[in-house]
There are 2 protein chains.
Amino acid sequence: MSITVVGSIAYDTVTTPFGERDRMLGGAAVHFALAASFFEEVRIVGPVGDDFGEDDFDVMRHRGVDVSDVERIAGGRTFFWRGKYGWDLNSRETLDTQLGVFEGFQPKLSDASRESEVLFLANIQPDLQREVRAQLPDARFVALDSMNLWIEAARDSLMKAIRDCDCLILNDSELRQLTGRASIYAAAREVLTWGPRVIVAKQGEYGAALITGEGFFSLPAFPLEQVVDPTGAGDTFAGGFVGYIAAHSHEDISEDLLRQAMAHGTALASFNVEEFGTERIERLSGGDIVARVRQLREFTHFSDAPVPLRD
Amino acid sequence: MSITVVGSIAYDTVTTPFGERDRMLGGAAVHFALAASFFEEVRIVGPVGDDFGEDDFDVMRHRGVDVSDVERIAGGRTFFWRGKYGWDLNSRETLDTQLGVFEGFQPKLSDASRESEVLFLANIQPDLQREVRAQLPDARFVALDSMNLWIEAARDSLMKAIRDCDCLILNDSELRQLTGRASIYAAAREVLTWGPRVIVAKQGEYGAALITGEGFFSLPAFPLEQVVDPTGAGDTFAGGFVGYIAAHSHEDISEDLLRQAMAHGTALASFNVEEFGTERIERLSGGDIVARVRQLREFTHFSDAPVPLRD
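Parameters at a glance
Residues numbered from 1 in each chain as written. Chains lettered and ligands numbered in written order. Predicted model: local features only at pLDDT ≥ 70, side-chain atom pairs only at ≥ 80, totals over all residues. Heavy atoms only, no water. Least-squares fit on C-alpha atoms with pLDDT ≥ 70 in both. Contact = heavy atoms within 4.5 Å. Pairing = 2+ DSSP bridges. Helix = DSSP H or I, 4+ residues; strand = E, 2+ residues; numbered from the N terminus. Axes fitted to C-alpha atoms, helices over the stretch in contact; angles between N-to-C directions. Buried < 20%, exposed > 50% of the residue type's maximum accessible area, 1.4 Å probe, protein only. Salt bridge = Lys/Arg side-chain N within 4 Å of Asp/Glu carboxyl O. Right-handed = clockwise from strand over helix to strand, strands pointing away. Polar contact = N/O pair within 3.5 Å; in protein donor to acceptor, adjacent residues only side chain to side chain. Nonpolar A, V, L, I, M, F, W, Y, C, P; charged D, E, K, R; others polar. Phe/Tyr/Trp six-rings, centres within 6.5 Å; stacked < 30°, edge-to-face > 60°. Lys NZ or Arg CZ within 6 Å of the ring centre and 35° of its normal. Expected span 1.5 Å × (residues − 1). Arc of directions from axis to C-beta.

Of the transformation placing chain B onto chain A, the axial shift is 0.0 Å and the rotation is 180 degrees, giving an RMSD of 0.0 Å. When the rotation and shift are considered jointly, the pair of chain copies conforms to a two-fold rotation axis. Taken together, the interface assignments show that 100% of the residues at the interface of chain B recur at the interface of chain A, consistent with an identical surface on both copies.

The next point concerns the sheet that holds strand E2 (residues 10-16) of chain B. Residues and elements named next belong to chain B. The strand order E3-E2-E6-E7 describes an open sheet built from four strands, whose pairing is mixed. Of all the strands in the sheet, just strand E3 (19-26) and strand E7 (92-98) have a single pairing partner and so form its edges. Neighbouring strand axes in the sheet, compared pairwise and without regard to direction, differ in orientation by 15 degrees on average. Judged from the six bridges that link them, strand E6 (residues 79-85) and E7 form a sheet pairing that is antiparallel. Each bridged residue has a counterpart across the sheet, and for Phe80 the counterpart in E7 is Gln98.

Examined against the element boundaries, Gln203 of chain A turns out to sit in the loop between strand E11 (198-202) and strand E12 (208-212). Overall, Gln203 of chain A belongs to the buried group, its relative accessible area being 14%. For Gln203 of chain A, the residues in contact, after removing those within four places along its chain, are Asp172, Ala208 and Ala209 of chain A together with Tyr206 of chain B.

A word on the pattern of salt bridges. Considering all chains together, one arrives at 42 salt bridges over all chains under this definition. Salt-bridge contacts for Glu205 of chain A lead to Arg176 of chain B; the nearest nitrogen and oxygen are separated by 2.8 Å. Of this pair, Glu205 of chain A sits in the loop between E11 and E12 while Arg176 of chain B is found in helix H7 (residues 172-179), placing the two residues in two different chains. Assessed through its relative accessible area of 31%, Glu205 of chain A is described here as partly exposed. Judged by its relative accessible area of 8%, Arg176 of chain B falls in the buried class. With its nearest N and O atoms 3.2 Å apart, the salt bridge here joins Arg259 of chain A to Glu298 of chain B.

The next thing to look at is the pairing of strand E8 (residues 118-121) of chain A. Residues and elements named next belong to chain A. Of the two faces of E8, the one carrying Val118 and Phe120 and the one carrying Leu119 and Leu121 are both buried. Here four bridges tie E8 to strand E9 (residues 141-145), and the two strands are oriented parallel to one another. When the bridges of E9 are listed, Leu119 appears paired with Val142. The parallel pair E8 and E9, bridged by helix H4 (residues 126-135), forms a crossover whose chirality is right-handed.

Listed per partner, the contact involves 61 residues of chain B and 61 residues of chain A. Our count for the chain B to chain A interface comes out at eight salt bridges. Scanning the region where chain B abuts chain A turns up 28 residue pairs in polar contact (both at pLDDT 80 or more). Among the elements that take part in the side of chain B that touches chain A, helix H12 (residues 286-300) of chain B stands out by supplying nine residues, more than any other. Tallied by class, the residues present in the side of chain B that touches chain A amount to 28 nonpolar, 16 polar and 17 charged.

A few words now on the environment of Trp150 of chain B. Residue and element names in this part refer to chain B. Of note, Trp150 is situated in helix H5 (residues 148-153). Overall, Trp150 belongs to the buried group, its relative accessible area being 16%. In this structure the C-alpha to C-alpha distance between Trp150 and Asn123, which are 27 residues apart in sequence, comes to 9.0 Å. Those residues in contact with Trp150 that sit more than four places away from it in its chain are Asn123, Ile124, Gln125, Pro126, Arg155 and Leu158.

Before going further, it helps to examine the packing of aromatic side chains. Counted by the stated rule, this structure contains 23 aromatic pairs over all chains. Both rings, one in Phe222 of chain A and one in Phe299 of chain A, keep their centres 5.5 Å apart while their planes meet at 55 degrees; by these two values the pair is tilted. With Phe222 of chain A in the loop between strand E13 (216-219) and helix H9 (233-247) and Phe299 of chain A in helix H12 (residues 286-300), this pair connects stretches of sequence that are 77 residues apart. Of the two residues, Phe222 of chain A and Phe299 of chain A, neither departs from the other in class, the shared state being buried. Grouping aromatic residues by their ring pairs yields a cluster made of Tyr185 and Phe216 of chain A together with Phe222 and Phe299 of chain B. Here the basic side chain of Arg292 of chain A rests over the ring of Phe222 of chain A, its NZ or CZ set 4.4 Å away from the ring centre. For the cation-ring pair, Arg297 of chain B lies above Phe302 of chain A, with the distance from its terminal atom to the ring centre recorded as 6.0 Å.

Take H12 of chain A next. Structural remark: α-helix, 3.6 residues per turn; residues separated by three or four positions point the same way. All names here are of chain A. With 15 residues, H12 ought to run about 21 Å at 1.5 Å a step, and its terminal C-alpha atoms sit 22 Å apart, in line with that. Those residues of H12 not exposed but buried are Gly286, Ile289, Arg292, Val293, Leu296, Phe299 and Thr300. Considered in projection along H12, the buried side chains sweep an arc of 140 degrees and stay on one side of the axis.

Note: strands within a sheet are paired through backbone hydrogen bonds, in either parallel or antiparallel orientation. All names here are of chain A. If you trace the nine strands from one edge of the open sheet to the other, you get E5-E4-E1-E8-E9-E10-E11-E12-E13, paired in mixed fashion. Each edge of the open sheet is held by one strand with a lone partner, namely strand E5 (70-72) and E13. Between one strand and the next, the sheet's axes are offset by a mean angle of 15 degrees, whatever the strand orientation. The pairing of strand E1 (residues 3-6) with strand E4 (residues 42-48) spans four bridges and is parallel. Pairing of Val6 across the sheet is with Val45, part of E4. In the packing of H4 onto the sheet, contacts are made with E1, E8 and E9, and the angle to E8 comes to roughly 170 degrees.

In structure tokens form, the structure reads like this:
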């Protein structure tokens, strides 16, 4: 079943300890779409400006992403972000943000995009997320990402958007901020009472945790000798996670299925950060993903060996 | 086989969002010893002052810890630490440190303590760690903890101490600081070339990772609705980890054994943080530990379900 994603299509200028790239293809919806394209057909919705290149459309088309709902705004400029990462890649500074065509963006979904059974609302203004959500009332699985900015500036609308979703995917620090709870586990369990039945807490270099009514699951990030550019890791994770669910959307979305989806999201994110922007994902094969998921199982497995304990 | 631990025996005054406790029993060696006592006999080596109470000795004796090598320094005061945690318990401020009898401490090991086959060198001046290490030349498993202070102030001695150990247990930020490598995985693999064959990267609320020549393993912290006091979590983890290995020290220290040890350390640490100081561990039973290890397996397990991927 096809997946619709609504969010930013961007150019990123990024400096990390390993180099710099100027105006790379980026944006949450792009990173998500490329990752999810390994599992199902993806329809991407978002605006671009006159400056958006045909070769960047081709990167998406090459992965089978349907770009017919990408709206080109005449006279506009594509969303632009410039940032710089610190030496351990855990801190980053935003040096420039130019909203461009994103200012005043009104998502227009074609009939085909409205017929998707799976929807990902990437991090955009919560009012827009709700408008899009309302256009897919029958979607079987709707996941939403957000950020600290909207928790501060548009809390009420964000709460409503979260209530109408099946799954909230958020950084752990933002889960804390959203709920005022210090424990990520407690924070996630509180959000479960608002409406969603699945919470994913993204933990950056530490991986991600899954909290549902049935249980708790945690998976480390795939260990890498070198992370080159973390930009888009969270959205690539979301693409693998939601993509895997979409590929199984004829089944019940069981705890077991969600855990396998976590593993696929984690594997995809690990490839994303190995090179700048979309460079690595563009060359990725299904076999690469399968191999890394298998390694993740090996990295997290331990056997049961009871030992007599001294009470 | 018995375990010898050398390190601080302390009184801690701790403020967290959930309350305050004045002059609780604490110190790295104490937290370690109480945790390890569930697996093997533990001999604790460290100094206390006139102010150290008989009831605090009893807490250790009650868990079967041998306190005959605890040296009471006449006219001295027990090591004292006062600190305050922030609302999410991930930041803490040291408000007071009084070394007391720890200033000028020279570890004196009895014959019995020197005959232990397992040794834990808790976080103390690296010269002292090396002196103790030299007194147990035939130990089968020696683990060492340290901290940022010694990486800055006594780097050469610390490097020598690490070289002579089987296992380094360190916070992940300190592994970065020690090696200058941004990737924890790369940092650990570098330290493996120095001498140790086992590296444990402690990751606070995220759990811990194990890096050996054979592989990588990662385990999340046990999810808790509320953490009351994180003081001593790392040493309690180390006690469970090293204790489990000691209980199996007649076996090869295999990758599989180390992973099970990680699970037991993680379970013990999770109990430690549920209450102040040693309160929870004093009441703990072997059955509690076994149950939490079983839950940790459930929290990290996912099955293999290949999906056709779209190349």
